[in-house]
Structures are given as structure tokens and as C-alpha cells.
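One-letter residues, chain by chain:
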Amino acid sequence: MASNAEGNGALVPFSGDSSAVYPLHHGLAPPISRLSISWSHGNTLRLSLFAGAAAKVVEVKVNGEDSEIPDAQWRRIAYGSVAPFALLQSQRSSISSLLKTPSPYHSDWWEHVLQYSKEIGSLLAGSKMHSSPIIEDPKVLVKTDEKPTCLQAAWELIEIFYVDKQSQTWLPERLVDWLADYDSLFTSTHETIHGKLVDFQKELGNIQVIEDDPRYWDLLSSALSVGWLDVVVRMLRLHGSYQQDQLSTRELENGLVEAVAVLISKMPRFCPGSAGKLGDCYKSKPEFIKAWEKWRSQITKLDRSPFWIQCDNQHTREGLRNLLQITLGNTESLCMATCYWIELYISHFLYIRPFTMGIESMYNLAEKCIQLKPRSSTHRLTGLMIGILEENTEVVLAECSREFGPWLVAHAVELLTAGSEQSEIILHEERYNLGGISIVELHRLAYAQILSSHALTWQIAPIYLTSCMKQGMGLLENLLYRQSVQHNDGLLKNIEICRLYELDHISSNIMKIAGVYHWKHGHKGTGVFWLQQAQDTICLDRIAQQLFDSVGKSISDESFKQWEGMIELLGSESNPAGGLEFLHKYRDFKKSLKKVSGGKSTDAARQAVGSLILLMKNPSTPQRFWLPLLHDSLKLLNWQDCPLLSVSETNLLLNKLQELSLAKLCPHYIEPSLPPNALSSIRLALATNLGRAILDE
Amino acid sequence: MAATQRFPQYKYVDAVRWLPLQSPFNRFAVVALFDFDTESSSIQIHSFNPNPLSFDPQFSWPSPSRISSLKTSHFLHNSLIVASTSSGSLHFLFADPSDATLRSALSLPDSALHSLPASSLDLMDAAVDCVTAGEDGRVNLVNVGDSNLSYRRLFDSGGLVSYTAVRWASPMEFATGGYGFSLQWWDQRKPGGPVSQFKGDRDKKLTSGIVHSIDIHPSRKHTCLAGGSLGTVFAWDLRWQQQPIILSGAGAGAGAGNAAVQSISESEVWEVQYDRCIKSNTSSTRILPSMICSEDGILGVIEQGEEPIELLAEPCAINSFDIDRHNPSDVICSLEWEAILFLFYS
């Protein structure tokens, strides 16, 4: 329920750093005497308000803070990360058991983590639109249709620094690629090269002579400074001297533009080659150095060329020479060309220090760049980057948790510990202040709590809970107990999870709860089924006892049908309770007795007598039912046409009466509720029958 | 060989069905969705194109509550979609077969047919005759009038017996399934109860569970194929009522004659349908091959006396599937993780 109107008696939430007042319409007259707040399903808060005699329950939906990724998208990420996470956990445990050590670092563990990281990375990238046109528009400088997320950028950043050992040598180039992919994200808080390019691209159609526009040259040097060679070359080719009608008059100028474009497209890069990337890639350091020096000398040669003097277009001349200054690593030009410290930082890697250095000097360089480009506002990715460069795992985790939420922390922990035994120890050691659990477990539990709170994701929470050694199983049991038993599908999914984790005691308790729920709601068949599945003999016996209560009483046809159905239900149990055999026989007797009632068929009556004798002979027939049974059969004993019981049968029944009169002396004897003259009328009927039977025989 | 393609829905998929084809160029599928964020349900008709692959919503009908059972058919010049909801209502949607636009809708109100959330329904082939059976123990026959729906209650167990699946066998007969692996055979000319019934117990090598789905092949109307808990799939032949043929199941394998049975899954088999793709010798006395989907993410084919074939092993449950009867190698599946998956196999 969204409420935004000012109301009387508004609720004021706790004022923290970012205090906000959300007025809430509840329609109760103030003063509110009591307020109780509890979590409902998902992100919904349930507020129960009491004012005098009136009360009201209001549900308030609390929106997630991350507006970048909508809830449904978060669920997609949650689903998709289950399989990679589970695989990695099983790999970890199999390697640990193989090596008989708790930490798996003796092998090429990072390769498993890298595979995991790549899978999660492609999940975060989502389904890329594969319908992008093949014919490229020359006026498109940067693509604006693909919108990456900060989460994706954060994941990749962590992967670059912590996991990917193979490309550690090419770390600077990976950072260049990283910025190329995610520079647009910083547009929200900073001016960025990407943002400027997008603005310029929008106006491109209106600009007549592009090389006269100072923004053209500024953007060229900016794009070059961060290594977006394809953008630079594409922009250079927009230069007016390429136009057919001007080519003849501006031949020299065009030659210079083209020379710069060719040189830039041949820039040596220290990285394994990848398709669609401009520049010449070198995998080995000596080869790269050789090529780099040769390229630099070509640039220096061009810079000192006499043709510049002959070029009469001042914009072109100055613009192109500034580009050359950037490629030569002129610090001032780089600083001018870039917008904020990360862009400057990247340009340093490209043109000043193209080799990997120790992480400490990388941090120093970052500090220098921050000094040159002071931060006016911080972006959530910069905090993460500084934490990584500071080599402080706990800061990195805190940043992940604060800025990106529990999903990232729970999953990124695997990356943080991939390469360093030290951070493995920090993150996996049990901490007194966390109640004896490790940081890893704490974050997994937090994430599992989020999953548990939503009807669509609770089923994947067990995967994370079972990877938590200390508290996981307890919380899992709690979670399973909490699920509703009302709907079959949900109940069966719940029981399936119990089966997977061998929690038989939980599943039998859940089945008991379901059985009692259905029984109470009158779904007798379902109730008995679940009680039987749970082997809840106590409840089943109690139900059977209720059936005994009807023995010897007159019941309507409809309730007899119900009663009969219940015996049928209980009888399907493979190991019937002791009394059921009696109930089955009693049901047969009652059935034949019903046929007799009203009718005068002697055959039916004989059948009923047969059932009665069977019942009375059977040792499982409880003594307390003897008298009611005989009382039920009075009509048979007094049968008009002929005596239905033989002499021996009558004697059997008389003996039973004798036994009963002895049993009456016992202290535990319960007097059946029958009319006061019941016993004497039975005696009389039996005696009459005996007399008639003797005469007959 | 099988190719798969998945389409995230960002909503829970309650049921999926192909819409019987009227022209080979326009193919449609019906999807019942539930949006947890807005708590709203809908039945959507999506157009399906295999090449280039696309699956786009064409039409959406807001449902008053969640769909518990969905069936499609065609009748005269209409495509017919019938759905029962968790509030006990029933809806008939008549659509244009060429472009799947909705022509009309008829409904029976909440709680008219069933008092409990879960009910199952079936539609007769090329007809509008509909039978519903619910966990509340009621069995109803629904008739379509000119502008309204009417129903006849064939039976009410008063909660003593619950029905979880129903399937037509012939214009007069149908079968239901329920708890304890029970199956009932009904004849609408004989009200008052089922004409035959079967109940699984240990003597019949069936441990206890629930039947979730039934199929009856038009060429073998005396055999009822049932799928349910513990990976169980069995066939009940009316001519040998006390001897079910167990095709898969955790409780299987112990009895004589069922010794060679392998289990394709150990968890709930949510749906079972005869596999219309595999051409089997119809004169054979063996049970025809069938396809199942399960809670542990399996979509597979079971054939009596053969090893089961696993077509899909997903990390999440496959809650329902449907085989396109005109293109029997195309299967649509609903996944627990808010997605629809297509399987094209040959």
C-alpha cells in the first residue's frame, strides 16, 4: 500500500543518516495507543495499529533500495547463480577431501573459481540483444542501447583483481577494457568521456564543418586518452577533408589526418588479441617493448615532420598534434583530456606505464590521480576500486555489502578468497563477536534470509544454508517449518527439500502438521493420508477411537456413509491399528443389519446373525461392545418366522453375558450407555430363542 | 538430439499449453501467469515462431485468481481455452484460431464448482464437454449453453476422497486420480460413485503417494496412465485391475514382473503424457511410450522394458509441459524459476 498524502497521526520512522518521513493513511482517530510491526511476506511490513476500541492492520511495501535492478531481475540473478554456486561448493569439498586439507590452494583452485566467475558474469550481462544491425552507421560513435549495470561492473572488477591469474600480466589492458564497458555508469555522478560522446553524437547531424568545432578535437583526445581507438579512428574519418569535393584542395591535410588515424589503429597493445579490437596485440613482453618503441619513434617522426607547417587549417594542425602528444604520454595533455580520476588512471596505464606493477604502486598512482582530479562526489564503484587497491579485503566486503547488497557479498566472497590464503583465513575464521561463525557464513546467512522471505525464492535458500556449517541447518529447519501446508504443490516441494537433505524428522513433522490441518478443515481423506504418511499413530488412533464412539448407537444413513468411508480410509493403512479389524467386521454387521431393518427377508437376517456371531467369537472385539452389539441385534433374536440362532450359538452368547456379569466386579468396568432394561430384554430374547431353537432341533 | 530455448517470464508460470493448430503458419501457446509483485493472474496467448525463434505475447486475459488447471482444444471454428482457478471459478475462452484474438468468454463464479483451491479439469477432444474434479471430493460435468455455462454434480465425497487429476476416456467415461495412488473409473450414465477403482498398496508394489496427472490414449481406452509421487508412473488396465504395470518409481523394482523397472526420477512426477513423437508398434501389448516432467527437473521418455531417456535435467522443477500434437517433436515446459522452455527434439 503506497501512501503519500499528509495525514494526521503520521508514522515517523527511525531517523538515521537519511531520514525520511512517510505519511501513512490508516483512518484511525488519534491517539494511537499501540503499534505493532512485523514482517509479512516479501518486503512487506505489517503494521497493526490500535486506537481506543478500534484497530487496523496496514501492509506497507518497502521498496528495495537498488532501483538499478528491479525485483524480477534480481530473482533471475538469484535463480541463475544457484547452479554455479552449488558446483563450486561441491568442487571445493571434493578437492579438500582428496587432498585431506581444509584449504584447496595446493591445486589450480583459481581455475574453478574463474569458471564460476565467468558464469556469474554472463548471467549478470543478461541476454544481449542479438538483433543489432550489421551495417554500421558512421555517425554512431558509441552504442547507447546496451545499458550495463554497476553490479556487473563490480563483479568484473573483483574478477580482474582477485581471480584471473592468467591475465594478471595484462591487468592494465583489462582495466582499459573494463572502463570502456562501464564508463557510462559513472555519468550518473561525474562528467565522463562517454557522456560527452553521447551528447556530441546527438548533435552530429547539425554540425556543418566538424573540424571547426572545438568539441570534436577535445573528444578525439579524450577518447584516445582512454584507449577507445575504434572511436578515435571513426571520428577522424568524419573529418571534412575526406569528402569527395574537398579531397583535391585539402590533399595534404587529409594525408596528415589519415597518417594519424593509421598510426593510432596500429598502436601496440600488451594483451592477447581479441576480435574487433583495434591495435596490434603482443603477448610477450619483449616483443611488445620492441613494437612499442618502434611505434613511438614513428609518432615522434610524424610529430617532427615538416608537413605540419604546410597544413593551413589551424584546428586540424593543433588537434592532430595534441593527439600525438597524448600517444607520447604527455601528462598535461592526458590530464586535460580526461574527466575524472579513473579515466586519468587508465590513461596512465596506456601511455605512461603499460606494464603491471605491484598493487602498492598501483594504489600510489591512484592517489596521485585523485589529487589531480579531486572527487566532487563519489560513485559506488570508486569506493570498491579504492578498497581493492588498498588490499583490504574487509573494506571490499563492506563496500560490496553497503552498495550492492547481500547477493554480491555472498557470491563475491568466493572470488576474494580465490588467490590468497591469507584472506581465506580472515574470511573463514570463526569469530567470537559474530557468535562463533565466520564472515563468509554471516554473509551467506544474510543472503539466505532474503531468499527465504520471498515465496518464489525460498526454495533456493537451502542451497546456501547447507553450505553454512554452524547455523545453516538450524535455520533450514526453521525455514521448512515455516512454509504453508495448505497447498499440495507447496507442501510437496517442501517435503522434496527434506528428502534431498535427509531431514526425515522434519518431513514427518510437516506431514503431521498438514494432516492435522486438513483433518480440522474437514478434508478427512487428505488429513488421514498425511497422518498415515507421517506414521502418526497417536493421531490415527485418536481418529479410530472417534469411530468406536458410534458403535452401538443408531446413526443416520448419511453419517453411516461418512463413518463407513472413514473406516475405509483408515483401513488402507498397510499395518492397521488393532481395533480396525473389529471396525471392519462391525461395519459388515451394521450393513447387513440395515438390510434387515424394515424388511422381512429371513436370508438377510441370517447373514446378519452370521456377522454377529463372527464378531462375538472374535477375540479382538472389545468387551465393552458386547452388550451394545447384542442390544443392536434384539430384532434378530426375536425373529418372528423362526429362531435364527442355533442352540450352540445361543449358548455362546449367554456365556458372554455371564462373562460380562463377572467383569462388572472389576474396578475398571465401564457401564455402556444403554436403556436400563437393555440387559433384561437381551436375556429374555436369548432365553426365548434358546427355547425355540431346542424345539426346532 | 535436442535443442532448447528458454524465455524468462519474470512471473510464476502456473501452466502452459499449446493451442491446437488451425493453420501451419500461425502457432500459439497459452500461458497462465501469476505476478507475485502485483498479486495478479492472467492467461496469455503467445505467438510462437520457430524460425527465427520468437515467443511474443499477443493477448492477455486478466484472471480473477490463480489458475490451477488449464486445457486447450478446438471446437467448430474456435480455439478453446478452459481454466479453473484457485477460487473455484471456471472460465471458457473462445478465440479466433487464425490470430488468437478473444471472441468471447464464459464463466462459472467462485466456489460454484469447488470449495478448495486445487481442482483439475479435462476437455474432450474436439468438443466442449468439460469434467472437473477437486480436492474437495466433488466431480462435476460442465455444459456450454448459448450464453452461459451450466454444470451437473456427478458426485460429492464430502471430503472423504480427494481428486487430484482427471482425464476423459470416451464420451461417456473418464478417470480420476487421487491420494494413495488411487484411480477411479467413472461413467456419467452411472452417478453415485465410480464404476471401478484402484488403490495402490504394498501388495501391488506401490508405496503410497499422490497421483498428479493421468493420460489415456485414444487407441487404448481401457488403459489409464498415471504419474505421481516418488517418481512413480504406472498403467492401470481395466481388464487386469489388480495388476498395475509399474513403469517407473522409487517403490518399483521389488516385485516379480516389475524387476527390470528403472526409475527416471525420485520426486514428484507433475505431468505425464503419451509421447506422440515415438512411433511405436500399436499392435504391441506393451504400454505406449510416455513423456514425464518432475520436481527434480527431469523431462524424459519412459517406455516399458526400456531404459528411460532423459531429455532435460534442469536445476529447478519442471512443473508442467505440453506436446504439440501437430508437431510432436516440439515440447513447451514451464519451469519453477519463472521461465518457459522449448524443447525441439528429433
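Residues numbered from 1 in each chain as written. Chains lettered and ligands numbered in written order. Predicted model: local features only at pLDDT ≥ 70, side-chain atom pairs only at ≥ 80, totals over all residues. Heavy atoms only, no water.

A. Main features of the overall build of chain B. A tally of regular secondary structure across chain B gives 0 helices and 28 strands. Its C-alpha radius of gyration of 19 Å places chain B within 12% of the 20 Å reference for a compact globule of 346 residues. Based on the C-alpha atoms only, the size of chain B along its principal axes is roughly 55 × 50 × 40 Å. Out of the 346 residues in chain B, the part that is buried amounts to 60%. Pairs at least 24 apart in sequence give 48% of the contacts found in chain B among residues at least 6 apart. Put simply, chain B shows about 13100 Å² of open surface, and 49% of that area lies on carbon and sulfur atoms. The centroid of the 24 positive side-chain charges in chain B is displaced by 8 Å from the centroid of its 37 negative side-chain charges. (Helix = DSSP H or I, 4+ residues; strand = E, 2+ residues; numbered from the N terminus. Rg over C-alpha atoms; globule rule 2.2 N^0.38 Å. Buried < 20%, exposed > 50% of the residue type's maximum accessible area, 1.4 Å probe, protein only. Contact = heavy atoms within 4.5 Å. Areas by Shrake-Rupley, 256 points an atom, 1.4 Å probe, with all protein chains shown as cover. Lys, Arg positive; Asp, Glu negative; His and termini not counted. Charge placed at Lys NZ, Arg CZ, Asp CG, Glu CD.)

B. Region of interest: the packing of helix H2 (residues 109-125) of chain A against helix H3 (residues 150-163) of chain A. Residues and elements named next belong to chain A. In contact at an axis separation of 10 Å, H2 and H3 are set at 165° when each is read in the N-to-C sense. Our classification of the angle between H2 and H3 gives roughly antiparallel. Where H2 crosses over H3, the two elements pack in a sense that is left-handed. Facing H2, whose interface residues are Trp110, Val113, Leu114, Tyr116, Ser117, Lys118, Ile120, Gly121, Leu124 and Ala125, H3 presents Leu151, Gln152, Trp155, Glu159 and Val163. (Axes fitted to C-alpha atoms, helices over the stretch in contact; angles between N-to-C directions. Parallel < 35°, antiparallel > 145°, perpendicular 65-115°, else oblique. Left-handed = near helix turned anticlockwise from the far one by under 90°.)

C. Inspection of helix H6 (residues 214-225) of chain A at higher detail. Residues and elements named next belong to chain A. The terminal C-alpha atoms of H6 lie 17 Å apart, and with 12 residues this matches the ideal 16 Å at 1.5 Å per residue to within 8%. Most of H6 sits out of view: 9 of its 12 residues are buried. Against the buried residues of H6 lie helix H5 (193-203), helix H7 (229-236), helix H8 (251-265), helix H11 (314-327), helix H12 (331-337) and helix H13 (341-351). Its side-chain oxygen placed 2.9 Å from the backbone nitrogen of Arg215, Asp213 serves as the N-cap of H6. Positioned one or two residues after H6, Gly227 has a phi angle of 80°, which is positive. (Expected span 1.5 Å × (residues − 1). Polar contact = N/O pair within 3.5 Å; in protein donor to acceptor, adjacent residues only side chain to side chain.)

D. A look at the packing of H6(A) against H11(A). Residue and element names in this part refer to chain A. Here H6 crosses H11 at 15°, and the two axes come no closer than 10 Å. One element, H6, and the other, H11, form an angle in the roughly parallel class. As H6 runs across H11, the sense of the crossing is right-handed. Contacts from Trp217, Leu220, Ser221, Leu224 and Ser225 of H6 reach H11 at His315, Thr316, Gly319, Leu320, Asn322, Leu323, Ile326 and Thr327.

E. A look at the environment of Gln243(A). Residue and element names in this part refer to chain A. The residue Gln243 is located in the loop between H7 and H8 in this model. Among the residues examined, Gln243 registers a relative accessible area of 38% and is labelled partly exposed. Between the alpha carbons of Gln243 and Asn254 there is a distance of 9.7 Å; along the sequence they are 11 residues apart.

F. Highlighting the sheet that holds strand S2 (residues 44-51) of chain A. All names here are of chain A. With respect to topology, 3 strands assemble into an open sheet ordered S1-S2-S3, the strand pairing being antiparallel. Bordering the open sheet on either side are strand S1 (34-39) and strand S3 (54-61), each of which pairs with just one other strand. Strand-to-strand twist in this sheet, taken as the mean axis angle between neighbours without regard to direction, amounts to 15°. As judged from the 6 bridges shared by S1 and S2, these two strands associate in the antiparallel manner. Bridging from a neighbouring strand, Ser38 pairs with Arg46 of S2. (Pairing = 2+ DSSP bridges.)

G. Quick peek at the nonpolar core. If you look at the biggest cluster of nonpolar residues, it comprises 174 residues, and the most contacted ones within it are Phe161(A), Trp178(A), Leu236(A), Trp407(A), Trp530(A) and Leu299(B). Tallying contributions element by element places H3(A) first for this core, with 11 residues. Once residues lying within four places of it in the same chain are set aside, the contact partners of Phe161(A) are Gln168(A), Leu171(A), Leu175(A), Ile359(A), Met362(A), Ile388(A) and Leu389(A). Membership of the second largest hydrophobic core comes to 48 residues, among which are Leu570(A), Ala605(A), Leu629(A) and Leu657(A). (Core = buried A, V, L, I, M, F, W, Y, C linked by side-chain atoms within 4.5 Å.)

H. Examining empty space enclosed by the protein more closely. Residue and element names in this part refer to chain A. As enumerated under the stated definition, the model contains 2 cavities of 30 Å³ or more in all. In this structure, the largest cavity encloses a volume near 90 Å³. Together, 14 residues line the largest cavity, and Glu173, Phe270, Phe349, Leu350 and Pro354 are the ones closest to its centre. Sorting the residues of the lining of the largest cavity by element identifies helix H4 (171-182), strand S4 (268-270), helix H9 (285-303) and H13 as the ones contributing at least two each. Among the residues making up the lining of the largest cavity, the classes are represented as 11 nonpolar, 1 polar and 2 charged. Approximately 30 Å³ is the volume attributed to the second largest cavity. (1 Å grid on protein atoms, 1.4 Å probe; cavity = no way out; pocket = protein on both sides within 12 Å on 5 of 7 lines; lining within 4 Å. Points joined across faces, edges and corners; volume = space filled by probe spheres on them. Nonpolar A, V, L, I, M, F, W, Y, C, P; charged D, E, K, R; others polar.)

I. A look at the side chain of Ser633(A). Residue and element names in this part refer to chain A. If you trace the backbone, Ser633 turns up in the loop between helix H29 (626-632) and helix H30 (634-637). Residue classification places Ser633 among the buried positions, given a relative accessible area of 0%. There is a polar contact of 2.7 Å between the side chain of Ser633 and the backbone oxygen of Leu629. When residues no more than four places from it in sequence are discounted, the contact partners of Ser633 are Phe589 and Leu612.

J. View of the interface of chain A and chain B. Taken together, the contact between chain A and chain B spans 36 residues of the former and 34 residues of the latter. When the area that chain A buries against chain B is broken down by residue, the three leading residues are Tyr79(A), Leu456(A) and Lys493(A), summing to 18%. If you look at where chain A meets chain B, you find 5 salt bridges. Residue Glu295(B) pairs with Lys493(A) through a salt bridge whose shortest N-O separation is 2.9 Å. Run the count over chain A and chain B and you get 16 residue pairs in polar contact (both at pLDDT 80 or more). Of all elements in the fold, only helix H1 (71-99), helix H22 (488-500), helix H24 (524-533) and helix H26 (557-571) of chain A reach the threshold of two or more residues within the side of chain A that touches chain B. The greatest single-element share of the side of chain A that touches chain B, amounting to 7 residues, is contributed by H1(A). Split by residue class, the side of chain A that touches chain B holds 11 nonpolar, 15 polar and 10 charged. (Buried area = accessible area lost by both parts, 1.4 Å probe. Salt bridge = Lys/Arg side-chain N within 4 Å of Asp/Glu carboxyl O.)

K. Structural detail: the sheet that holds strand S20 (residues 233-237) of chain B. Residue and element names in this part refer to chain B. Ordered in space as S18-S19-S20-S21, the 4 strands form an open sheet in which the pairing is antiparallel. Only two strands of the sheet have a single neighbouring strand rather than two, namely strand S18 (211-217) and strand S21 (245-248). The mean inter-strand angle of the sheet, taken between neighbouring strand axes irrespective of direction, is 25°. Taken together, the 5 bridges between S18 and strand S19 (residues 220-228) define a ladder with antiparallel strand orientation. Bridge pairing in S19 places Ile214 opposite Ala226.

L. The arrangement of unusual backbone geometry in detail. Looking along the chain, the bond that leaves Asn51(B) and enters Pro52(B) is cis, with omega of -10°. Within the secondary structure, Pro52(B) sits in the loop between strand S4 (40-50) and strand S5 (53-63). Despite not being glycine, Glu502(A) shows a phi value in the positive range, around 55°. Along the polypeptide, Glu502(A) turns up in the loop between H22 and helix H23 (504-520). Assessed through its relative accessible area of 67%, Glu502(A) is described here as exposed. Look at Leu76(B): it is not a glycine, yet its phi comes out positive at around 50°. Examined against the element boundaries, Leu76(B) turns out to sit in the loop between strand S6 (67-75) and strand S7 (78-85). Overall, the relative accessible area of 65% leaves Leu76(B) in the exposed class.

M. Summary view of the packing of aromatic side chains. All names here are of chain B. A full pass over the atoms with the stated rule returns 36 aromatic pairs over all chains. Measuring from ring centre to ring centre gives 6.1 Å for Phe48 and Phe344, while their planes differ by 25°; the resulting arrangement is stacked. Pair noted here: Phe48 is in strand S4 and Phe344 is in strand S28 (residues 339-345), with a separation of 296 residues, a long-range link. The class for Phe48 is buried, based on a relative accessible area of 3%. Judged by its relative accessible area of 21%, Phe344 is partly exposed. Taking 6.1 Å as the distance between ring centres and 0° as the angle between the ring planes, the aromatic pair formed by Phe342 and Phe344 counts as stacked. A network of ring pairs unites the aromatic residues Phe7, Trp18, Phe48, Phe55, Phe342 and Phe344 as a single cluster. (Phe/Tyr/Trp six-rings, centres within 6.5 Å; stacked < 30°, edge-to-face > 60°.)

N. Structural detail: H8(A). Residue and element names in this part refer to chain A. The terminal C-alpha atoms of H8, which comprises 15 residues, lie 21 Å apart, in line with the 21 Å expected from a rise of 1.5 Å per residue. Taken residue by residue, H8 has Glu253, Asn254, Leu256, Val257, Val260, Ala261, Leu263 and Ile264 as its buried positions. Buried residues along H8 sit in contact with H6, H7, H9, helix H10 (307-310) and H11.

O. A look at the confidence of the model for chain B. For chain B, per-residue confidence averages 88 on the pLDDT scale, and 93% of positions sit at 70 or higher. Interface scoring of the predicted complex returns ipTM 0.92; its pTM is 0.84. (pLDDT = per-residue confidence, 0-100.)

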